[in-house]
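# An overview of the molecular structure
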Amino acid sequence: KLVDLKNTLAAVSLSAAIIVLWGLFFAPEPRQVKEGQLEKDIGELTNNEDAPKLIENEEIKIITRENALEESERVNFENENVIGSISLSGGIIDDLTFKNYTTTVDGNEKVTLLNPKEIKTGYYIDSGWAINNNEIETPNNKTVWKVEGNNQLTPNNPVKLVWTNNNNITFEKIITIDDKFLFNIEQKIINNSEKTYSFYPYGQVVRNTAPEVTNFYILHEGLLGVFDGELVEEDYDDIEDKSYSKNAEEGYVSIVDKYWVASIIPEQNKSFRADFDYKNKFKASFIENKPTTVGANETRSNSFRVIVAAKEVDIIDGYAQDQQISKFDLVIDWGWFYWLVKPLFFAIDYFFNFSGNFGVAIILITICIRIAFFPLANMSFKSMARMKLLQPEMARLKELHKEDKVKLQQEMMALYRREKVNPLSGCFPILLQIPFFFAIYKMLFVTIEMRHQPFFGWINDLSERDPTSIFNAFGLLPFDVPNFLIIGLWPCLMGLTMYLQQKLNPAPPDPIQAKIFMFFPLFLTVILAPFPSGLVIYWTFNNIFTMMQQVVIMRKTTVKTQV
């Protein structure tokens, strides 16, 4: 029936929202791989090239990070953004701290990303040369390198690491760092022997254990790469079940967190095989498909880049452009609506620079979105207002023709024609706005720029939940409440504005639908309480501006029917 179709569509939309939210919080674990299938898949994926498979079985020790750092000699590095060290045992970058980011809003402890390989939270960048058949000894993650010359890595001072094997072949690593987050590693082989050897350069990002992840379907955290323009994302639990391998001519491999990224970008114009796998450790690695052949008394080299960064949009985009890294901006999870989410970020970043407060920027961009959709919203609100004014007459017709459904439909259609009301015209404008609402939600959720940004009052971090709770009168009562009962003032305001907004719309004629609509604001209040307060503030002000526009439209709307 046309009279019920609008409300049916609305009910379906609400049901879809419930299903999505259920998937965020209550979805079951993904299915397990069938017995025997895992080995089959791995065999097919990893034996597709002559380049050797990278194997590493470093023992994880139960020691502190400080003790692990003291176990090997180190080369320190520092610039304006990062500080850390390179272990001479393995020649790996396994100690990196962001100087401009703290773990908590009011704390002084800086965010540390990379950790020594010996400890449980080991996370590091490894590189070197692989060789088939173990013809000669090549440096591995236990090789002790020596520093030649400068022993402090800064933007103006590179360092050189040197190691020579028993065959009189010298391996060198020349490492440079820029003033932000980029390392360049040039690997040299100086063959002072009388034989010719073939080596495969490789690099890998290694993480001993999976960290705690946000576990929302709109955000990817795990292994990521772009291979010949194709984005590949693999979650930690997926890689534990099945490895991934891909041959490519250009791209990069990464491990990404919500706000941080560790990437290796192979040398340009050289074919490589990328591997995502798990054998007691998570690895995102590349190895060149064609060997580098070094003849007697010859020198050959290979270089690649390493970016260990906070996922600041300007920084990531700058590297993508300046370093010519294809689609490197995708380490920030812009999602399917990339074309919409990223421009929204630039808009809110402009308002942030203009106002100096990220919360104010959220309000300003909400106003801009309301203005952009003003004509569509007017169409929707006019339809809703006229439908609400017609409800008494619709109820009278239902009572008058309750025994004759055909006559009731005829009278309803005549009423719509007389009042020039289309019962569906209020739905389609709303459906057209859904991608924009999702895009701003996505943008606020995934970008680091909102992290540790304060709003007014008690909100000192817009990327975290509202810390107050209705169950202790928002802090007025002198006791703490359990985490699951923290339903803050802003989520309550959001639920209240949603409830008031519903009162402005025509009630569904079906009693069951009406009850669902009445329950939904409470449901969303509870569900959204753990969400970042910046998202809840956006939703609250969007509801307020929507109601303001709707009230103005309703006051101007009249119908000819006299009830």
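The structure contained in this document is the topic of the report that follows. (Residues numbered from 1 in each chain as written. Predicted model: local features only at pLDDT ≥ 70, side-chain atom pairs only at ≥ 80, totals over all residues. Heavy atoms only, no water.)

### Regarding the sheet that holds strand 10 (residues 182-191)
Adjacent strands of a sheet form backbone hydrogen bonds with each other and so pair up, either parallel or antiparallel. The test is simple: Whether two strands pair comes down to DSSP finding at least two bridges between them. Helix numbers and strand numbers start at the N terminus; a helix is a DSSP run of H or I with at least 4 residues, a strand a run of E with at least 2.
Strands sit in the order 6-8-9-10-20-16-15-12-13 across an open sheet of nine strands; the sheet is antiparallel. Single-partner strands in this sheet number two, and they are strand 6 (146-147) and strand 13 (230-235). Where strand 12 (residues 222-227) and strand 13 come together, six bridges link them in antiparallel fashion. The partner of Phe-227 across the bridge, within strand 13, is Glu-230.

### Describing helix 7 (residues 358-372)
Test applied: Residue count minus one, scaled by 1.5 Å, sets the expected span of a helix. Exposure classes here rest on a 1.4 Å probe applied to the protein chains alone. A residue is buried below 20% of its type maximum, exposed above 50%, and partly exposed in between. By the criterion applied in these results, polar contacts are pairs of N or O atoms within 3.5 Å in which, for protein atoms, one can donate a hydrogen and the other can accept it, and in which residues neighboring in sequence qualify only through two side-chain atoms.
With 15 residues, helix 7 extends 21 Å from end C-alpha to end C-alpha; this agrees with the ideal 21 Å at 1.5 Å per step. Here helix 7 has its buried residues at Phe-358, Gly-359, Ala-361, Ile-362, Ile-363, Ile-365, Thr-366, Ile-369 and Arg-370. Near the N-terminus of helix 7, the side chain that reaches the backbone nitrogen of Gly-359, with its oxygen 2.8 Å away, is that of Asn-357.

### Concerning the pattern of salt bridges
Note the threshold: In the sections that follow, a salt bridge refers to a side-chain nitrogen of Lys or Arg positioned within 4 Å of a carboxyl oxygen of Asp or Glu.
Taken as a whole and judged by the stated rule, the model has 16 salt bridges. The shortest N-O distance in the salt bridge between Lys-180 and Asp-179 comes to 3.6 Å. Taking the relative accessible area as the measure of exposure, Lys-180 reaches 33% and is therefore partly exposed. A salt bridge links Glu-411 to Lys-407, with the shortest nitrogen-to-oxygen separation between them at 3.4 Å. With Glu-411 and Lys-407 both in helix 9 (residues 405-419) and four residues apart, the pair spans about one turn of that helix. Lys-407 sits in the partly exposed class, given a relative accessible area of 32%. One network of salt bridges, with partners in common, ties together Asp-317, Asp-329 and Lys-342.

### Details of the nonpolar core
For clarity, the cut-off: The set of buried Ala, Val, Leu, Ile, Met, Phe, Trp, Tyr and Cys residues whose side-chain atoms join them within 4.5 Å is what this entry labels a nonpolar core. Two residues form a contact once any of their heavy atoms are found within 4.5 Å.
If you look at the biggest cluster of nonpolar residues, it comprises 121 residues, and the most contacted ones within it are Phe-199 and Leu-444. Leaving out residues up to four positions away in the same chain, Leu-444 has contacts with Ile-348, Phe-358, Ile-362, Met-450, Gly-534, Leu-535 and Tyr-538. If you look at the next biggest cluster of nonpolar residues, it comprises nine residues, including Met-394, Leu-408, Met-412 and Tyr-416.

### Topic: unusual backbone geometry
Positive phi, normally seen in glycine, also occurs at Asn-280, with a value near 70°. You can see Asn-280 is positioned in the loop between strand 17 (272-278) and strand 18 (282-288). Backbone geometry at His-452 places phi at a positive 65°, although glycine is not the residue there.

### A word on the packing of helix 6 (residues 338-355) against helix 7
Put simply, the test is: Whenever a helix is involved, its axis is fitted only over the stretch in contact; in every case the axis is a line through C-alpha atoms, and angles between N-to-C directions fall within 0 to 180 degrees. Orientation labels follow simple angle bins: below 35 degrees gives roughly parallel, above 145 gives roughly antiparallel, 65 to 115 gives roughly perpendicular, and whatever is left gives oblique. Left-handed describes a crossing in which the near helix is turned anticlockwise from the far one by less than a right angle; the clockwise case is right-handed. Classes in brief: Ala, Val, Leu, Ile, Met, Phe, Trp, Tyr, Cys and Pro nonpolar; Asp, Glu, Lys and Arg charged; the others, Gly included, polar.
Following both chains from N to C, one finds helix 6 and helix 7 inclined at 130°, their axes separated by 8 Å at the closest point. By the angle between their axes, helix 6 is oblique relative to helix 7. Like other packed secondary-structure pairs, helix 6 and helix 7 cross with a definite hand, here right-handed. Across from Leu-344, Ala-347, Ile-348, Phe-351, Phe-352, Phe-354 and Ser-355 in helix 6, the residues of helix 7 making contact are Phe-358, Val-360, Ala-361, Ile-362, Leu-364, Ile-365, Cys-368 and Ile-369. Its residues assigned to classes, the contact of helix 6 with helix 7 shows 14 nonpolar, one polar and no charged.

### Section: the packing of aromatic side chains
Selection criterion: Working definition: a ring pair exists when centres of Phe, Tyr or Trp rings (six-membered ring for Trp) sit within 6.5 Å. Plane angles under 30 degrees give stacked, over 60 give edge-to-face, the rest tilted. For a Lys NZ or an Arg CZ to count as sitting over a ring, it must be within 6 Å of the ring centre and within 35 degrees of the ring normal.
In the structure shown here, the tally under the stated rule is 34 aromatic pairs. Ring plane angle 75° and centroid distance 6.2 Å describe the contact between Tyr-259 and Trp-260, whose orientation is recorded as edge-to-face. The buried category is assigned to Tyr-259, whose relative accessible area is 11%. Note on Trp-260: relative accessible area 10%, which makes it buried. By way of ring pairs, the aromatic residues Phe-227, Tyr-244, Phe-272, Phe-276, Phe-286 and Phe-304 are connected into one cluster. Its end group placed over the ring of Phe-445, Lys-258 keeps NZ or CZ at 4.1 Å from the ring centre.

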